[in-house]
Amino acid sequence: MRRLGYLLREAWANIRLNRTTSLVAVVTTGFTLACLGVFLLIYLNVRGMAASLASEIKVIVYLQENLSEAQIADLRQQLEREQAVAALSFVSKDQALADFREQFPSDFELLEGLGENPLPASFAVTLAPRFRSPEFVRRWAEQFKALPGVAQVEYSQDWVENLTGLLRNLEGLALSVGLILSVASVTIIGSTIRLTLHARRDEVQILRLVGASGSFLRLPYLIEGAMLGGAGSLLALGILKGGFELFRLKLGTASQLLGAQPWLSYFPGHVKGVLIVAGVLLGAVGSFLSIMRMREAASL
Amino acid sequence: MIQLFHISKAYGRCQALSDINLEIGKGEFLLLMGGSGAGKTTLLKLLFGGEQADEGQLLIQGQNIGKLSPREVPLLRRRMGIVLQDFRLLPKRTVYENVALPLVVAGASGADTRRKVSEALRSVGVEHKKEQLPPSLSAGEQQRVCIARAIVNSPLILLADEPTGNLDPHLTSEIIELFKMINARGTTVILATHDPQVMKQVNRRVVTMQHGKLVGDQQGGA
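**Student:** Is there a simple way to think about the overall build of chain B in this case?
**Tutor:** From N to C terminus, chain B includes seven helices and ten strands. Going through the 222 residues of chain B one by one, you find that 45% of them count as buried. For chain B, long-range pairs separated by at least 24 residues make up 68% of all intrachain contacts whose partners lie at least 6 apart in sequence.

**Student:** Looking at this model, I keep getting lost on the pairing of strand β6 (residues 80–84) of chain B. Mind explaining?
**Tutor:** On a regular strand, one side chain projects to one face of the sheet and the next to the other, so that they alternate. Residues and elements named next belong to chain B. Among the five residues that make up β6, five are buried, leaving the element largely enclosed by the rest of the structure. Because side chains alternate across β6, one face comprises the buried residues Met 80, Ile 82 and Leu 84, and the other comprises Gly 81 and Val 83, equally buried. As paired elements, β6 and strand β7 (residues 157–161) share five bridges and run parallel to each other. Pairing of Ile 82 across the sheet is with Leu 159, part of β7.

**Student:** What am I meant to see in the confidence of the model for chain B here?
**Tutor:** Residue and element names in this part refer to chain B. On average, residues of chain B score 91 in pLDDT, and 99% of them reach the 70 mark or higher. Mean pLDDT across the elements of chain B ranges from a minimum in helix α7 (residues 196–202), with 88, to a maximum in strand β8 (residues 188–193), with 95. Model confidence for the complex is summarised by a pTM of 0.67, with the ipTM given as 0.86.

**Student:** What exactly am I supposed to notice about the nonpolar core here?
**Tutor:** Counting residues in hydrophobic clusters, the biggest one holds 76 residues, and the most contacted among them are Leu 31, Leu 32, Val 99, Ala 148 and Leu 159 of chain B. When residues in this core are grouped by element, the largest group, seven residues, is from helix α3 (residues 95–105) of chain B. Apart from the residues within four sequence positions on either side, Ala 148 of chain B is in contact with Val 99, Ala 120, Leu 121, Val 124 and Val 126 of chain B. Counting 21 residues, the second-largest nonpolar core is a separate cluster that includes Val 26, Ile 193, Ala 284 and Ile 291 of chain A.

**Student:** Where do I start with the environment of Gly 62 of chain B in this structure?
**Tutor:** Inspection of the secondary structure assignment puts Gly 62 of chain B in the loop between β4 (55–60) and β5 (63–64). Sequence-wise, Gly 62 of chain B and Gln 3 of chain B are 59 residues apart; in three dimensions their C-alpha atoms are separated by 8.2 Å.

**Student:** Got a minute to help me understand unusual backbone geometry in this structure?
**Tutor:** Here the phi dihedral of Asn 66 of chain A falls at roughly 60°; this positive angle occurs in a residue that is not glycine. In this fold, Asn 66 of chain A is placed in the loop between β1 (58–63) and α3 (69–81). Take Asn 66 of chain A: there are 6 C-beta atoms within 10 Å of it, and that puts it in the exposed class. The backbone of Arg 88 of chain B shows a phi angle near 55°, a positive value even though the residue is not glycine. For Arg 88 of chain B, the location among the structural elements is in the loop between β6 and α3.

**Student:** Which parts of the structure should I look at to understand the packing of helix α5 (residues 139–151) of chain B against helix α6 (residues 169–184) of chain B?
**Tutor:** Two packed helices can be described by the angle between their axes and the distance between those axes. Residue and element names in this part refer to chain B. Interaxial distance between α5 and α6 falls to 10 Å at its minimum, and their mutual angle equals 15°. As the angle between them shows, α5 and α6 are arranged roughly parallel. Helix-helix and strand crossings are classified by hand; for α5 and α6 the assignment is right-handed. Contact residues: α5 offers Ala 139, Gly 140, Gln 143, Ile 147 and Ile 151, while α6 offers Leu 171, Glu 174, Ile 175, Leu 178 and Ile 182. In terms of residue class, the contact of α5 with α6 is made up of seven nonpolar, two polar and one charged.

**Student:** Got a minute to help me understand the sheet that holds strand β3 (residues 122–127) of chain A in this structure?
**Tutor:** Two orientations exist for strands paired in a sheet by backbone hydrogen bonds: parallel and antiparallel. All names here are of chain A. Taken in spatial order, the four strands line up as β2-β3-β1-β4 in an open sheet, and their pairing is antiparallel. Of all strands in the sheet, those with a lone pairing partner are β2 (85–91) and β4 (150–154), marking the two edges. Between one strand axis and the next, the sheet turns through 20° on average, direction left out of account. With four bridges joining them, β1 and β4 adopt antiparallel strand pairing. By the bridge assignment, Leu 63 is partnered in β4 with Val 150. Those strands touched by α3 are β1, β2 and β3, and its axis lies near 165° from that of β2. Contacting β1, β3 and β4, helix α6 (residues 134–145) runs over the sheet at an angle of about 170° to β4.

**Student:** Can you walk me through the interface of chain A and chain B in this structure?
**Tutor:** Opposite the 13 residues of chain A that make contact, chain B presents 17 residues. Where the side of chain A that touches chain B is concerned, the elements lending two or more residues are α1 (2–17) and α8 (201–209) of chain A. Looking at the side of chain A that touches chain B, its residues break down into eight nonpolar, two polar and three charged.

**Student:** Sorry if this is basic, but what is going on with the packing of α3 of chain B against α5 of chain B here?
**Tutor:** All names here are of chain B. At a minimum axis distance of 7 Å, the contact between α3 and α5 shows a crossing angle of 30°. By the angle between their axes, α3 is roughly parallel relative to α5. Taken as a pair, α3 and α5 cross one another with a handedness that is right-handed. Between α3 and α5, the contacting residues are Val 95, Asn 98, Val 99, Leu 101 and Pro 102 on the first element and Val 145, Ala 148 and Arg 149 on the second.

**Student:** Please explain helix α4 (residues 110–124) of chain B as it appears in this structure.
**Tutor:** Given 3.6 residues per turn, any residue in an α-helix points the same way as the ones three and four places further on. Residues and elements named next belong to chain B. Its 15 residues place the ends of α4 21 Å apart at the C-alpha level, agreeing with the 21 Å of an ideal helix rising 1.5 Å per residue. Of all the positions in α4, only Thr 113, Lys 116, Val 117, Ala 120, Leu 121 and Val 124 are classed as buried. Viewed along the axis of α4, the buried residues span an arc of 130°, placing them on a single side of the element.

Quick notes on the rules
Residues numbered from 1 in each chain as written. Chains lettered and ligands numbered in written order. Predicted model: local features only at pLDDT ≥ 70, side-chain atom pairs only at ≥ 80, totals over all residues. Helix = DSSP H or I, 4+ residues; strand = E, 2+ residues; numbered from the N terminus. Buried ≥ 20, exposed ≤ 12 C-beta atoms within 10 Å, placed from the backbone. Contact = placed C-beta atoms within 7 Å. Pairing = 2+ DSSP bridges. pLDDT = per-residue confidence, 0-100. Core = buried A, V, L, I, M, F, W, Y, C linked by C-beta atoms within 7 Å. Axes fitted to C-alpha atoms, helices over the stretch in contact; angles between N-to-C directions. Parallel < 35°, antiparallel > 145°, perpendicular 65-115°, else oblique. Left-handed = near helix turned anticlockwise from the far one by under 90°. Nonpolar A, V, L, I, M, F, W, Y, C, P; charged D, E, K, R; others polar. Expected span 1.5 Å × (residues − 1). Arc of directions from axis to C-beta.

Now the structure itself:
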C-alpha cells in the first residue's frame, strides 16, 4: 500500500516536474482523440438516425383486383405467420383513395376523371429490425410477389441499400481514422515519457543503487502515461461536448423544421467511459513502448 | 564474508581487473588504495552487481554474485550501502525523502521508515536539515546525507567510492570518522580512495591496486 502510494506520488511528481511537456502531451492527445471522437459522434448519430428511419420503412404488398374477403383474409394469415413481420395493416381500395386525396389534393381530379377507383388494396408491412437488411428485404419481397392474389410488392429499395452502404462506409472510415489517430496518441505520449526518462536518467540510476527493482522503476512511468492519456481523453470529451453544443445551437431552427433535432445526441455514458478507458490504455501503451525502447539507456 | 577468486574484467581491449584474489572478513574496514584507472571503482561495481566479472568467482556470504539473475541484484543491493564521490542525491527531494529511499523500495512500513531515517540522520549529524533540499546543503552535509542513506537499512556491507574526493581536508577527516563509527557498529566497510590522508587516518587494512592488479595488502596503512 505504501509502495503503491509512493508509485502514484512519483507519477504525479513526474507530471508536475515536467509541466510543459506533460501539458503539450495532454493537449495534443486531447485534440487527437477529439478528432477521433468527431467521427464516432457522426457515426453514432447517423446510426441512430438510420435506425429511426428504418423503422419507418414499410413493404407494401399490393393485391390484385377483385379478391374475395376470404382470399384477403387468407393472405393476411400468411403474412401474420411470417417471423419477419412485426406489424401489419390493411389498406382497402377506398382507404387508399382517401389517403391519396389527403396527400395530393391538387392531383385528385386526375383520378376522378378515370371513373372507377384505380388504386389497389394493399397490406403495409413493417419488418422486425433484424430482418431489415437489403438482401433479406429483396428476397422476402420476391417470395411474396409470387403468391396468388399479390399483384406487386414494393419497398424503398434504394433508400434501404443507400443507408446500409452509408453506414458501412462510415464504420470503415471511423475505424481507419481511429486506428491512425490511436497510433498518433501512442506516439505523442510515448515521446513525452521518453523525454521524462531522459531527464531523469540520473534518478533512475540512484534508485537502482538503493535496490529498486525493475518494476518499481517502470511503474511510475506507466502510471504517468495512463494519467496523461486519461487527462487527454477528458479534454477530448470536453472539446467534443463544446463543439456539439455549438453545432446544435448553429443548426437551431433549421434542424427543428427538418425534424433533425431529436436524432442529434451526445455520447451516452458508457461510450464516454469507453473513451476515457481508451485514453488511459493508449497512454499506458505509449509509455510501455518508450520504456522498452529506453530500457538499456536508462537502466530500466 | 566477501571472497574474490581469480576475478578479471575487461572493457573492450582495456583490462580493468586482472586475476584478483581477495578475502574480506566480517566487520573489517578495508581501504582500496590506488590512482586513477587502478580498477578500484570496477571492483566496487562488481561487489554491488553493477558489473559482471568476465572470469573468476565472487562470493558474498557464500552467495555467488556472478550467478545472480537481474531480479536478484536489487535484493543484494538492499543488504548493502553505497556511497559515491558525487553524492548521487535526488535534488528535488528533501533530505528526509532521500534517506528514506532504500526503505521505500524495500517496502518498509511508515513508522519503521520514520524511526530509521531519524536515527540515521542523527548518527551523521544532519537531522536538523531533514526538510531541506540537497542543493541547499554544503558538500560535507550532502556527503553526510549520502552516508545516512547508505546506513539507513542497517547494511552488512558499506561500499564507498572516493567519498572524500570532493571535500576539503577538514571535512574529509569528519567523514572518515563517520565511517569508522559505522564500522565500529559491526558493518564491513570497503572504502576506495587515492588519498594518503585517508589511509593515515583510517589506519586499517590497505589493499593497493595498480593497472587492475592487486599489488599490496597490509595491515595499518601508515
